[in-house]
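Here are the chains, one letter per residue:
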Amino acid sequence: GQSLEQPSEVTAVEGAIVQINCTYQTSGFYGLSWYQQHDGGAPTFLSYNALDGLEETGRFSSFLSRSDSYGYLLLQELQMKDSASYFCAPHSGGYQKVTFGTGTKLQVIP
Amino acid sequence: DTEVTQTPKHLVMGMTNKKSLKCEQHMGHRAMYWYKQKAKKPPELMFVYSYEKLSINESVPSRFSPECPNSSLLNLHLHALQPEDSALYLCASSQEAGQGDTQYFGPGTRLTVL
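An account of the accompanying structure is given in this report. None of the values given here were measured: they were computed from a predicted structure.

### As for the pattern of salt bridges
- Tallying each qualifying case throughout the model produces 5 salt bridges over all chains.
- Across the salt bridge formed by Arg59 of chain A and Asp82 of chain A, the nearest N and O atoms sit 2.8 Å from each other. Residue Arg59 of chain A is located in the loop between strand E6 (53-57) and strand E7 (60-65), and its partner Asp82 of chain A is located in the loop between strand E8 (70-75) and strand E9 (84-92); the two are separated by 23 residues in the primary sequence.
- Judged by relative accessible area, Asp82 of chain A falls into the buried class, the value being 2%.
- Where Asp85 of chain B meets Lys36 of chain B, a salt bridge forms, and the shortest distance between an N and an O atom there is 4.0 Å. Here the residue Asp85 of chain B occupies a position in the loop between strand E8 (73-79) and strand E9 (87-94), and Lys36 of chain B occupies one in strand E4 (residues 31-37), the gap between them amounting to 49 residues. Across the pair, exposure class does not vary: Asp85 of chain B and Lys36 of chain B are buried alike.

Pasting the structure below:
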């Protein structure tokens, strides 16, 4: 079977740092992606971790621990435009099967 | 050009209608995908095409029929849909259907079935 858990909602202040956690149980796990989706918009790729450790891309970083089946997305210097839903998405099996988590709705407040 | 385009943006159809959704990319990607997204839910994978061949069908009802006429185009033919099929239909593409490739999403077609 497969399961994914992320917090449903997070609120943070502009300029602060926020961490969105993701735990997964996926057979044939290859790696973990993160996507951002604004209301009414399409998902946009943020990052991908195939190996344990931290990947940094500008204000966003993503971490993976394969042994713990756990990852997180770290957003620094939060801006109002970061208000969106964030999905963790494990890759499993062949042919790029990506399963989206339930999503975390981030609200950035002034 | 990192754009995936989808037409139409909005579609309203009756349960007896036949319609098609279209998706196009010119990034030279060899993998294309259809997802379905209901309000306040994550995208759910429907189909994956790799090198113009169907490689994944996530047990989608036969009233949804995908077609990949060439490496740049992906269609989703709709027939005898139900009201519960109303959703945002997203198309995506990636370089290959391998692990870790970034998927680029189109803006989606918002489908309403009456």
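The rest of the description comes next.
### Let's talk about the state of the cysteines
All names here are of chain A.
- By the definition in use, this model includes 2 disulfides over all chains.
- Two residues share a disulfide in this structure: Cys22 and Cys88, whose sulfurs sit 2.1 Å from each other. Sign of the S-S torsion, about 70° for the bond between Cys22 and Cys88, identifies this disulfide as right-handed. With Cys22 in strand E3 (residues 18-25) and Cys88 in strand E9, this pair connects stretches of sequence that are 66 residues apart.

### Looking at the interface of chain A and chain B
- The interface of chain A with chain B comprises 19 residues on the first partner and 25 residues on the second.
- When chain A packs against chain B, close to 1,700 Å² is buried across both sides, 57% of that on carbon and sulfur atoms.
- Here chain A and chain B share 0 salt bridges between them.
- At the boundary of chain A and chain B, one finds 2 residue pairs in polar contact (both at pLDDT 80 or more).
- Residues of the side of chain A that touches chain B, tallied by class, amount to 10 nonpolar, 8 polar and 1 charged.

Rules behind the numbers
Residues numbered from 1 in each chain as written. Chains lettered and ligands numbered in written order. Predicted model: local features only at pLDDT ≥ 70, side-chain atom pairs only at ≥ 80, totals over all residues. Heavy atoms only, no water. Salt bridge = Lys/Arg side-chain N within 4 Å of Asp/Glu carboxyl O. Helix = DSSP H or I, 4+ residues; strand = E, 2+ residues; numbered from the N terminus. Buried < 20%, exposed > 50% of the residue type's maximum accessible area, 1.4 Å probe, protein only. Disulfide = S-S within 2.5 Å. Contact = heavy atoms within 4.5 Å. Buried area = accessible area lost by both parts, 1.4 Å probe. Polar contact = N/O pair within 3.5 Å; in protein donor to acceptor, adjacent residues only side chain to side chain. Nonpolar A, V, L, I, M, F, W, Y, C, P; charged D, E, K, R; others polar.

These figures come from the coordinates and say nothing about function on their own.
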